[in-house]
Amino acid sequence: MERPLELGNVTRVQKFVLLGLSTRPDVRDVLFAIFLTLYLLTLLENTLIIYLICSHIELHKPMYFFLGNLSCLEMCYVSVTMPSLLVGFWTGPYHISFTACMTQLFFFIVLICTECTLLASMAYDRYVAICRPLHYPLLMRPQVCLGLALSSWLGGLLVSVAKTSCIASLSYCGPNILNHFFCDVSPLLNLSCTHVALTELVDFISAIVILWGSLLLAIASYVAIGRAVFHMPSAAARRKALSTCASHLVVMGIFYAATLFIYARPSRIEAMDLNKVLSVIYTVVTPMCNPVIYCLRNREVQAAFCRTLHQS
């Protein structure tokens, strides 16, 4: 229900109250310890991946270049959302200024949009490796990889500027309670006391372009990969090809399932408790699991890690 108001005599909200993930004092301490451990583990895992990729020449390949970008992104990702989650566990509901809230929203949108396009770039890399192996050195030369990575980051930045500008320009005149653990799009739209049709349209179009666009590109890549694998002459070749794609498919499925459910529709979300649970999946669980799924189970990365241990 839209709430158009005469704004002349209405005081604009200067702060928001983040309720956090749980308001029960008896469980906040336990959750704080758990999520702090997950946060530190995520930073450690991704730092290790970046170090191994940068320091070992045998990992200077397109696949690991994108994995290094993904690890860097996820360190930023958890550092944008996790501190406010931890503060909520430590203090309970707390105040965040309007400027700080919009800043957090800006960086969150940059990172989630960048991750979408990076996942699509990684799917394209696997497509070229399996379906066009003879042309792989040319199609995935360093200039192309760098261009794909820069395009992902720049695309996320442009989308975030548009979405954050629209959301920040709305009027918030009370209540100022956000039923979330960080400043997200849907909770803020729910609090706006002006018409949000234009903002929802911008949000919907960006979801179509970034989320659905990158997902369709990834799906098209894997359809082509499936056809190529089906026509491979030996079972060993098929298993080897599928093993290079399985981890990416798992992480991509988890990330897109949660993200599309929340963001890829124009209407505001009322079931905020479900929204918070799903947000934990792609802001906490996925960044922690990705290094293990992608890299630490990879034989080349394991070999590089063992050499690093022996040299130290």
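These notes cover the structure that comes with them. This one's a predicted model, so the numbers in the text were calculated from it and none came from an experiment. (Residues numbered from 1 in each chain as written. Predicted model: local features only at pLDDT ≥ 70, side-chain atom pairs only at ≥ 80, totals over all residues. Heavy atoms only, no water.)

1. Considerations on the packing of aromatic side chains
And then number 1: One pass over the structure, following the stated rule, counts 11 aromatic pairs.
And then number 2: Ring centres of F98 and Y172 lie 6.0 Å apart, and the angle between their planes is 55 degrees; on these two criteria the pair is classed as tilted. Taken together, the residues F98 in helix α3 (residues 98-131) and Y172 in the loop between α5 (142-168) and β3 (177-178) connect sequence positions 74 residues apart.
And then number 3: What links up through ring pairs into an aromatic cluster is the set Y77, F108, F181 and F182. (Phe/Tyr/Trp six-rings, centres within 6.5 Å; stacked < 30°, edge-to-face > 60°. Helix = DSSP H or I, 4+ residues; strand = E, 2+ residues; numbered from the N terminus.)

2. Looking at helix α1 (residues 25-55)
And then number 1: For α1, built from 31 residues, the straight-helix expectation of 45 Å at 1.5 Å per residue is met to within 8% by its first-to-last C-alpha distance of 45 Å.
And then number 2: Within α1 the residues assigned to the buried category are R28, F32, F35, Y39, T42, E45, N46, I49, L52 and I53. (Expected span 1.5 Å × (residues − 1). Buried < 20%, exposed > 50% of the residue type's maximum accessible area, 1.4 Å probe, protein only.)

3. Comments concerning the side chain of S121
And then number 1: Its place among the elements puts S121 in helix α3.
And then number 2: When near neighbours in sequence (up to four residues on either side) are disregarded, S121 contacts F66, L148 and S152. (Contact = heavy atoms within 4.5 Å.)

4. Some details on the sheet that holds strand β1 (residues 15-18)
And then number 1: The 3 strands are arranged β2-β1-β3 in an open sheet whose pairing can be described as mixed. This sheet does not close on itself; its edge strands, each paired only once, are β2 (94-97) and β3.
And then number 2: Pairing geometry for β1 and β3, over 2 bridges, is parallel. Across the sheet, the residue bridging to V17 is I177, located in β3. (Pairing = 2+ DSSP bridges.)

5. Quick look at the state of the cysteines
And then number 1: Per the stated rule, a full pass over the model turns up 2 disulfides.
And then number 2: The disulfide that involves C101 links it to C183, with 2.0 Å between the sulfurs. Judged by the torsion about the S-S bond (-125 degrees), the C101/C183 disulfide is left-handed. With a gap of 82 residues between them, C101 in helix α3 and C183 in the loop between β3 and α6 (185-191) connect regions that are remote in the sequence. Both residues of the pair, C101 and C183, belong to the buried class.
And then number 3: C173 shares a disulfide with C193; S-S distance 1.9 Å. Measuring handedness by torsion sign, the sulfur bridge of C173 and C193 sits at about 135 degrees and is right-handed. (Disulfide = S-S within 2.5 Å.)

6. Overview of the layout of surface pockets
And then number 1: Put simply, the largest pocket is a space of about 870 Å³.
And then number 2: Along the walls of the largest pocket sit 28 residues, with M63, R126, S243, T244 and N298 positioned nearest its centre.
And then number 3: Only α2 (62-91), α3, α8 (235-263), α9 (272-296) and α10 (299-311) provide two or more residues apiece to the lining of the largest pocket.
And then number 4: When residues in the lining of the largest pocket are grouped by element, the largest group, 8 residues, is from α8. (1 Å grid on protein atoms, 1.4 Å probe; cavity = no way out; pocket = protein on both sides within 12 Å on 5 of 7 lines; lining within 4 Å. Points joined across faces, edges and corners; volume = space filled by probe spheres on them.)

7. What to know about a nonpolar patch on the surface
And then number 1: Among the surface-exposed residues, L198, L201, I205, I208, V209, W212, L216, I219 and V223 lie close enough to one another that they form a single nonpolar patch of about 820 Å² accessible area.
And then number 2: Relative to the assigned elements, L201 resides in helix α7 (residues 197-230).
And then number 3: Exposure remark for L201: the relative accessible area of 44% places this residue in the partly exposed category. (Patch = residues over 30% accessible without salt bridge, like charges linked within 9 Å, V, L, I, M, F, W, Y side chains within 5 Å. Areas by Shrake-Rupley, 256 points an atom, 1.4 Å probe, with all protein chains shown as cover. Salt bridge = Lys/Arg side-chain N within 4 Å of Asp/Glu carboxyl O.)

8. Some thoughts on the pairing of β2
And then number 1: Where burial is concerned, the two faces of β2 differ: the one with Y94 and I96 is buried and the one with H95 and S97 is not.
And then number 2: Note that β1 and β2 share 4 bridges and pair antiparallel. Bridging from a neighbouring strand, F16 pairs with I96 of β2.

Keep in mind these values describe shape, not function.
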